[in-house]
Amino acid sequence: MDYPILTPLQLSTHLRSLRKARGLSQADLGTRLGVGQTRIARIEGNPTAVSVEQLLELLGALGVRIVLRDTREPQADISAVSASPQSSPRQRKTGGEW
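Quick caveat, the model's predicted, so the values are computed rather than measured.

Scoring rules and cut-offs
- Residues numbered from 1 in each chain as written.
- Predicted model: local features only at pLDDT ≥ 70, side-chain atom pairs only at ≥ 80, totals over all residues.
- Heavy atoms only, no water.
- Helix = DSSP H or I, 4+ residues; strand = E, 2+ residues; numbered from the N terminus.
- Buried < 20%, exposed > 50% of the residue type's maximum accessible area, 1.4 Å probe, protein only.
- Contact = heavy atoms within 4.5 Å.
- Areas by Shrake-Rupley, 256 points an atom, 1.4 Å probe, with all protein chains shown as cover.
- Polar contact = N/O pair within 3.5 Å; in protein donor to acceptor, adjacent residues only side chain to side chain.
- pLDDT = per-residue confidence, 0-100.
- Salt bridge = Lys/Arg side-chain N within 4 Å of Asp/Glu carboxyl O.
- Core = buried A, V, L, I, M, F, W, Y, C linked by side-chain atoms within 4.5 Å.

### Examining the overall build of the protein
Right, on to step 1. Counting secondary structure elements, the protein contains 5 helices and 0 strands.
Right, on to step 2. What you see in the protein, going N to C, is helices and strands ordered as α-α-α-α-α.
Right, on to step 3. For the protein, buried positions account for 18% of its 98 residues.
Right, on to step 4. Across the protein, the fraction of contacts at a sequence separation of at least 24, relative to all contacts at a separation of at least 6, is 51%.
Right, on to step 5. Carbon and sulfur atoms make up 54% of the accessible area of the protein, which amounts to about 7900 Å² in all.

Structure (structure tokens):
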């Protein structure tokens, strides 16, 4: 099942729900990760205060992983879009510029 995460609050809620669904207390999860219960409580309360490495370890201990999914629509042929009278007047930047 996918759990789309768009905000830190959603991540906090999902981390807590996943832990509980696995029948783990914060102390149990902390033991699996080699940290104390208070660290798990802080991560669940404020997941932005954890490193990516720690987050990946936590997710692994919960049996889940991060999946990046491209949500953009498939792009049409650029030349066809550029020729369209409704196309944007902005130029497409190339060479690594934003």
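### Observations regarding the side chain of glutamate 44
Right, on to step 1. With respect to the helices, strands and loops of the structure, glutamate 44 is situated in helix α3 (residues 37-45).
Right, on to step 2. A polar contact of 2.9 Å, which involves the side chain of glutamate 44, links it to the side chain of glutamine 26.
Right, on to step 3. For glutamate 44, the contacting residues outside a window of four places in its chain are Ser12, Leu15, Arg16, Arg19 and Gln26.

### A few points about the confidence of the model for the protein
Right, on to step 1. In this model, the protein carries an average pLDDT of 83, and 77% of its residues clear a pLDDT of 70 or more.
Right, on to step 2. Looking over the protein, one finds the lowest element-wise mean pLDDT in helix α5 (residues 78-83), namely 56, and the highest in helix α2 (residues 26-33), namely 97.
Right, on to step 3. This stretch, residues 87-98, has a pLDDT under 50; its non-local contacts, to residues over four places away or in other chains, come to 4 contacts.

### Details of the environment of leucine 9
Right, on to step 1. Tracing the chain through its elements places leucine 9 in helix α1 (residues 8-21).
Right, on to step 2. Here leucine 9 falls in the exposed class, since its relative accessible area comes to 64%.
Right, on to step 3. When the C-alpha positions of leucine 9 and asparagine 46 are compared, they lie 7.9 Å apart, and in sequence the two are 37 residues distant.

### Some thoughts on the pattern of salt bridges
Right, on to step 1. Enumeration over the complete set of coordinates arrives at 4 salt bridges.
Right, on to step 2. Across the salt bridge formed by aspartate 70 and arginine 72, the nearest N and O atoms sit 3.1 Å from each other. Each of the two residues, aspartate 70 as well as arginine 72, counts as exposed.

### Structural notes on the nonpolar core
Right, on to step 1. With 12 residues, the main nonpolar core is built from Leu11, Leu15, Leu18, Leu24, Leu29, Ile40, Ile43, Val50, Leu55, Leu58, Leu59 and Leu62.
Right, on to step 2. Counting residues per element, the ones that place at least two in this core are α1, α3 and α4 (52-61).
Right, on to step 3. Among all residues touching valine 50, those that are not within four sequence positions of it are Arg39, Ile43 and Leu55.

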